[in-house]
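An overview of the molecular structure
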Amino acid sequence: PAPAPLELTILHINDHHSNLDAFTDIEMRLDGAPTRVDLGGFAQLGQAFQAYAGRDDVLKLHAGDASSGTLYYTLFKGEADAALMNSVCFDAMTVGNHEFDDGDAQLARFIDLLHAGDCQTPVLSANVRPQAGTPLAPTTKSDYLKPYTVKTVRGVPVGIVGVTVKGTTMNASRPLPSTAFEDEVPAVQRSIDALKARGVRHIVLLSHLGYAADRAIAAQLSDVDVIIGGHTHTLLGDFGRLGPAFSVAGPYPTRAVNQQGQPVCIGQAWE
């Protein structure tokens, strides 16, 4: 008999870039009238996540680029970001290109800050391979970065695979020359295959590749069900009615098919 379907709610953000305060004095059209609002900020974000507290069908995901962008990062080098991320307690985060802006040692420090409390959020990337003996791999290549993690939802294992954009990170950020970046597709498929070998049927790809790349990679992978993305700061869904500040790139979720012709839901959450 076919297994029972799994109902899963995914709460996700991406590319917050140390923007911990709300954007002030943003114009939004509410009930047809121009209205000035404060938009976003981690206080409102935390409240939105808190609305789902106590539920057993939720994954909380961060699709990368927590770092770099405001004075919170310039002054505190990820400490403020980690403290507020731990107030949400994400089930997984993937590494964005900007996590490497200040090199491997700073990324290792940020992960240490994320792991200073009880959350221990797994930080994922299937295609980043630091060399042993460097800050991200003091003893082994998986000391800080894991290719995937497994979260149990209503007794069912759900695999979460991370992936980091290769070209942009190597060319525009500052990873160590010894840190290798594999091509994204084979690295992700290897992790999916490892999860399938463990009997994990439900696979979420936590991607920092960009919206167009997520749509393209879906068709190149087998057994992926959901892609939660970042990198391109893409707004999806029915938000155009709120005014010109809300430029929508597609539906939420965007529907694609994987290599086997099975449906894949793609989501990204602006910035």
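Here the structure is a predicted model, which is why all the values come from computation and not from measurement. (Residues numbered from 1 in each chain as written. Predicted model: local features only at pLDDT ≥ 70, side-chain atom pairs only at ≥ 80, totals over all residues. Heavy atoms only, no water.)

Here we take up the overall build of the protein chain. Counting its regular elements, the protein chain contains seven helices and 16 strands. By the compact-globule yardstick of 18 Å for 271 residues, the protein chain fits well, its C-alpha radius of gyration being 18 Å. Oriented by its inertia axes, the alpha-carbon framework of the protein chain measures out at about 55 × 55 × 35 Å. Counting only residues that meet the buried cut, the protein chain has 47% of its 271 residues in that class. Taking the contacts inside the protein chain whose residues are at least 6 apart along the sequence as the reference set, 71% of them involve residues at least 24 apart. Surface accessibility of the protein chain: about 12500 Å² in total, with carbon and sulfur atoms responsible for 53%. Charge separation in the protein chain, taken as the distance between the mean sites of 20 positive and 29 negative side-chain charges, equals 5 Å. (Helix = DSSP H or I, 4+ residues; strand = E, 2+ residues; numbered from the N terminus. Rg over C-alpha atoms; globule rule 2.2 N^0.38 Å. Buried < 20%, exposed > 50% of the residue type's maximum accessible area, 1.4 Å probe, protein only. Contact = heavy atoms within 4.5 Å. Areas by Shrake-Rupley, 256 points an atom, 1.4 Å probe, with all protein chains shown as cover. Lys, Arg positive; Asp, Glu negative; His and termini not counted. Charge placed at Lys NZ, Arg CZ, Asp CG, Glu CD.)

The next point concerns unusual backbone geometry. Look at the link from tyrosine 252 to proline 253: it is a cis peptide, with omega at -10°. By secondary structure assignment, the location of proline 253 is in the loop between β14 (248-250) and β15 (254-257). Phi at aspartate 31 is positive, roughly 50°, even though this residue is not glycine. Considering the arrangement of structural elements, one finds aspartate 31 in the loop between β2 (23-30) and β3 (33-39). Here the phi dihedral of aspartate 223 falls at roughly 70°; this positive angle occurs in a residue that is not glycine. Considering the arrangement of structural elements, one finds aspartate 223 in the loop between α7 (211-218) and β12 (226-229).

This paragraph deals with the state of the cysteines. If you walk through the whole model with that rule in mind, you get one disulfide. A sulfur-sulfur distance of 2.3 Å marks the disulfide that ties cysteine 89 to cysteine 119. In this structure, the disulfide formed by cysteine 89 and cysteine 119 twists by about -140° around the S-S bond and is classed as left-handed. One end of the pair, cysteine 89, is in the loop between α3 (79-88) and β5 (92-94); the other, cysteine 119, is in the loop between α4 (103-114) and β6 (123-124), and 30 residues separate them in sequence. On the basis of relative accessible area, cysteine 89 is assigned to the partly exposed category, the value being 26%. (Disulfide = S-S within 2.5 Å.)

Once that is clear, we can look at the side chain of threonine 121. Assignment of secondary structure puts threonine 121 in the loop between α4 and β6. Given the relative accessible area of 1%, threonine 121 is considered buried. For threonine 121, the contacting residues outside a window of four places in its chain are Asn86, Cys89, Phe90, Asp91, Ala92, Met93 and His115.

All right, on to α4 then. Residues three or four positions apart in an α-helix share a direction because the helix packs 3.6 residues into each turn. Here α4 contains 12 residues, and its C-alpha end-to-end distance of 17 Å stays within 8% of the 16 Å for a straight helix at 1.5 Å per residue. Three or more residues of α4 are buried, namely Gly103, Asp104, Gln106, Leu107, Ala108, Phe110, Ile111 and Leu114. Buried residues along α4 sit in contact with α2 (71-76), α3, β5 and β6. (Expected span 1.5 Å × (residues − 1).)

Time to look at the pattern of salt bridges. Oppositely charged side chains may form a pair once their charged atoms are brought near each other. Evaluation of the coordinates by the stated rule reveals 12 salt bridges. For aspartate 25, the salt bridge goes to arginine 36, with nearest N and O atoms at 3.0 Å. One end of the pair, aspartate 25, is in strand β2; the other, arginine 36, is in strand β3, and 11 residues separate them in sequence. Take aspartate 25: its relative accessible area is 49%, and that puts it in the partly exposed class. Owing to a relative accessible area of 47%, arginine 36 belongs among the partly exposed residues under this scheme. With its nearest N and O atoms 3.0 Å apart, the salt bridge here joins glutamate 27 to arginine 36. (Salt bridge = Lys/Arg side-chain N within 4 Å of Asp/Glu carboxyl O.)

What follows concerns the environment of arginine 215. Structurally, arginine 215 can be placed in helix α7. Classification of arginine 215 by relative accessible area gives partly exposed; the value is 41%. Each C-alpha atom, one on arginine 215 and one on glycine 41, is 28 Å from the other, the two residues being 174 residues apart in sequence. If near-sequence neighbours (up to four positions away) are discounted, arginine 215 is found in contact with Thr254 and Ile266.

Regular strands place their side chains on alternate faces of the sheet. Both β12 and strand β16 (residues 263-268) contribute to a ladder of four bridges, which runs parallel. When the bridges of β16 are listed, isoleucine 227 appears paired with isoleucine 266. Summarising the sheet, β15 and β16 pair through four bridges and their orientation is antiparallel. Note that in β16 the partner of threonine 254 across the bridge is isoleucine 266. What sits between β15 and β16 in their antiparallel hairpin is a turn of five residues, with glycine 261 showing a positive phi close to 80°. (Pairing = 2+ DSSP bridges.)

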